[in-house]
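# Breakdown of the fold
So the chains spell out like this:
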Amino acid sequence: WPEARGRPSCSDGGAWGRRRREREAQEAQEARRPRARTTMGSRYDSRTTVFSPEGRLFQVEYALLAIEQAGACVGVLAKDGVVIAAEKKTTSKLLAPPKTSEKLYMIDDHVACAVAGLTSDANVLISYLRRVAHNYKLQYQEPQPLEQLIQRVCDLKQGYTQFGGQRPFGVSFLYAGWDRHYGFQLYQSNPSGNYGGWKATAIGPNNQAASSLLKKEYKDECSIEEALKLSVKVLNKTMDSVTPTPDNMEFSVLRMNEETKKLVQHKMSNEEVQALLDELKQEEEEEKAREEAKAAK
Amino acid sequence: REQQRRRNAGEAGCHTDGTDQAAGRRDSQQGAPAATMDVVIGLTGKDYVMVVADMTAARSIFTLKHDEEKIMMIDDRKVLACGGEQSSRVNFSEYIKRNFALNELRTGLELSTHASAHFIRNELAKAIRSRGGAHQANSLLGGVDEDGPSMYHLDYLGSLEKVNFGAQGYASYFSLSLMDRHWKKNMTMEEGKELLKLCISQLDTRFIINNPNFRLVAVTAEGKVLDEVLDGHAST
């Protein structure tokens, strides 16, 4: 150690010693400053790498709260395909219409995903997902099994909750994909790095309400058309706006083309979405008429 | 050392580099690409793949052993038969086998033969521009998966071809024409074995290297079903 060797220039412990002293001084100052009581844990939320006494990671939970401000997404698994739907939030009329979607992305021919949360964070993760999927394809010359891809990105997300001191990604994903091992699959992942396979799920604002509605109405082995109708209905319920139009929702369907036996990712056009909305409206009116008739009796 | 490195930097990869740290891969070769004296022959049949390899390990004028294993089961349903410099061959096959085992543990899934062939090709291709040089191992990969039986011919530089039947090294000069003549689609296990025995007897007749033993391995969708030692001198 410098002291032992008697070198005067490093007698205070050098750079490490200086940093340690600075940190101690800052912590002493923080302890002295009167902290306002916040609703969530105040002393354990400034760093991602510490648990609270109750065993919570506050930064991860705050990231989940950030996602509540974004547009909702719904995913439904059908017998022969997967449907993912997203709410397009128009923050300003002055914004130029986007050339590519802000919510639905293609990762590879066999994987698509929907995003809810901070767009900038999402872009980084989408880049990563695409890189991983295509690197796998380069090495093995076949599409990457879906769960392996998701595990890779979730391992990355988990890293930000354990070390490095950087905040987690404020994005949740819905992944729709197909592989030859398990067929069509739907997955969800969130900032904690946890992921799960789902038959039907929702992310973003009002996802609890959406999930309970999905639980009630989802039928196993439903067709793609039924899945589309269900996702329209649920997305409608979770959106803030009163009148749903094709301008504020978008749908992507992943299915296998029967003749060519190839996977097709189809982003529905405005006309197709309008047709769906019309159908939904008609069904709702029929339902209302039936209820009124029953009540009249 | 630096001067020698700079001198060698401009030369083609086959020259020996006396100061090479990983001399094992390049030194013994003296420009010869992956020793060609190992006999490795294989074919695909109706629902199986079958490979045969010699069992001789030699050094200069001596035969060291007659029971060397040159065929490795890298997976329950995949077999890799390698020819080449013994150290590289063993090292490479074991490296591939361990990678497949790790992959299966990590993913819970068995790789398809097509994907495994490309993985192996990638490893071979990565090695040629690496510090130690190419893996001195020419291989024949055979496997049975959902798409049926398939065989891939890989050389030490990373060339990959899907084949119905194949051979590595000098053995190819003696057996490919025989298999061109006699191989047909959907051969039974017995027919396949007879064809490989024919190739072996041709080697016994005309090939200068004496191989008293050959190992024959056949793999179906259930796994390895045949593993026997054939007599190299039983001319039909």
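Quantities reported herein were computed from a predicted structural model and do not represent experimental measurements. (Residues numbered from 1 in each chain as written. Chains lettered and ligands numbered in written order. Predicted model: local features only at pLDDT ≥ 70, side-chain atom pairs only at ≥ 80, totals over all residues. Heavy atoms only, no water.)

Turning next to the interface of chain B and chain A. Chain B puts 14 residues into the contact, and the matching count from chain A is eleven residues. Between the two partners, chain B and chain A, sit one salt bridge. Connecting chain B to chain A are five residue pairs in polar contact (both at pLDDT 80 or more). At the level of secondary structure, the elements contributing two or more residues to the side of chain B that touches chain A comprise α3 (86–107) and α4 (113–128) of chain B. Here the side of chain B that touches chain A is built from residues that sort into four nonpolar, six polar and four charged. (Contact = heavy atoms within 4.5 Å. Salt bridge = Lys/Arg side-chain N within 4 Å of Asp/Glu carboxyl O. Polar contact = N/O pair within 3.5 Å; in protein donor to acceptor, adjacent residues only side chain to side chain. Helix = DSSP H or I, 4+ residues; strand = E, 2+ residues; numbered from the N terminus. Nonpolar A, V, L, I, M, F, W, Y, C, P; charged D, E, K, R; others polar.)

On to the packing of helix α6 (residues 207–217) of chain A against helix α7 (residues 224–238) of chain A, then. All names here are of chain A. It is the contact of α6 with α7, at a shortest axis distance of 9 Å, that shows an interaxial angle of 150°. As far as their axial angle goes, α7 and α6 are roughly antiparallel. Of the two elements, α6 crosses α7, and the hand of that crossing is right-handed. Residues A210, L213, L214 and E217 of α6 pack against L230, K233, V234, K237 and T238 of α7. (Axes fitted to C-alpha atoms, helices over the stretch in contact; angles between N-to-C directions. Parallel < 35°, antiparallel > 145°, perpendicular 65-115°, else oblique. Left-handed = near helix turned anticlockwise from the far one by under 90°.)

All names here are of chain B. Across its 22 residues, α3 extends 32 Å between first and last C-alpha, which sits within 8% of the 32 Å expected from 1.5 Å per residue. Among the residues making up α3, those that are buried are S88, R89, F92, S93, I96, F100 and N103. Each buried residue of α3 sits inside an arc of 120° when the element is viewed along its axis, so together they form one side. Residues of α3 that are exposed and angled more than 90 degrees away from the buried face: N91, R98, L105 and R106. In the stretch just after α3, G108 is the one whose phi turns positive, near 70°. (Expected span 1.5 Å × (residues − 1). Buried < 20%, exposed > 50% of the residue type's maximum accessible area, 1.4 Å probe, protein only. Arc of directions from axis to C-beta.)

This part covers the sheet that holds strand β6 (residues 183–189) of chain A. All names here are of chain A. Strands sit in the order β3-β4-β5-β6-β7 across an open sheet of five strands; the sheet is antiparallel. Of all the strands in the sheet, just β3 (104–108) and β7 (195–197) have a single pairing partner and so form its edges. Taking each pair of neighbouring strands and ignoring which way they run, the sheet shows an average axis angle of 25°. Bridge analysis of β6 against β7 gives three bridges, and the strand direction is antiparallel. Opposite Q188, over in β7, you have G196 as the bridge partner. Sitting on the sheet, helix α4 (residues 119–140) is in contact with β3, β4 (111–117) and β5 (171–179), with an inclination near 20° to β3. (Pairing = 2+ DSSP bridges.)

Before going further, it helps to spend a moment on the confidence of the model for chain B. Residue and element names in this part refer to chain B. When pLDDT is averaged along chain B, the result is 88; 84% of the residues meet or exceed 70. Across residues 10–24 the pLDDT falls below 50, and counting only partners more than four positions away or on other chains, this stretch makes 17 contacts in the model. Both confidence scores are given for the complex: pTM 0.80, ipTM 0.75. (pLDDT = per-residue confidence, 0-100.)

A separate point is the nonpolar core. As a rule of thumb, soluble globular proteins bury nonpolar side chains together. V76, I84, L214, L228, L235 and F251 of chain A are the most contacted members of the largest nonpolar core, which has 45 residues in total. Per-element tally for this core: the top contributor is α7 of chain A, with seven residues. Setting aside anything within four residues of it in sequence, one finds F251 of chain A in contact with I84, A85, L104, L228, S231, V232, L235, H266, K267, M268 and V273 of chain A. Membership of the second largest hydrophobic core comes to 24 residues, among which are L43, L195, F207 and A218 of chain B. (Core = buried A, V, L, I, M, F, W, Y, C linked by side-chain atoms within 4.5 Å.)

A separate point is the confidence of the model for chain A. Residues of chain A with pLDDT of at least 70 account for 91%, and the chain-wide mean is 88. Here helix α1 (residues 2–5) of chain A stands out as the element of chain A with the lowest mean pLDDT, 50, in contrast to β7 of chain A, whose mean of 97 is the highest.

Turning our eyes to something else, we now look at the sheet that holds strand β8 (residues 200–203) of chain A. Note on sheets: strands pair through backbone hydrogen bonds, and any given pair is parallel or antiparallel. Residues and elements named next belong to chain A. If you trace the five strands from one edge of the open sheet to the other, you get β8-β1-β2-β9-β10, paired in antiparallel fashion. In this open sheet, the two strands that pair with only one neighbour each are β8 and β10 (263–267). In this sheet, adjacent strand axes meet at a mean angle of 10° when their direction is disregarded. Of the pairings in the sheet, the one linking strand β9 (residues 249–256) to β10 comprises five bridges and is antiparallel in character. Within β10, the residue paired with L254 across the bridge is Q265.

A regular strand carries its side chains on alternate faces of the sheet. Residue and element names in this part refer to chain A. Counting buried positions along strand β1 (residues 73–78) gives six out of six residues, so the element sits mostly inside the fold. Bridging between β1 and β8 involves four bridges; their strand directions are antiparallel. The residue of β8 that forms the bridge with C73 is I203. With six bridges connecting them, β1 and strand β2 (residues 81–87) associate as antiparallel partners. By the bridge assignment, V76 is partnered in β2 with V83.

Glancing now at the packing of aromatic side chains. One pass over the structure, following the stated rule, counts eleven aromatic pairs over all chains. Within the aromatic cluster, the residues linked to one another by ring pairs are Y136 and Y140 of chain A together with F100 and F119 of chain B. (Phe/Tyr/Trp six-rings, centres within 6.5 Å; stacked < 30°, edge-to-face > 60°.)

Looking now at helix α6 (residues 189–206) of chain B. End to end, α6 of chain B covers 26 Å across 18 residues, agreeing with the expected 26 Å (1.5 Å per residue, within 8%). In this structure, the buried residues of α6 of chain B make contact with β1 (40–44), β2 (48–54), α5 (171–182), β11 (213–220) and β12 (223–231) of chain B.

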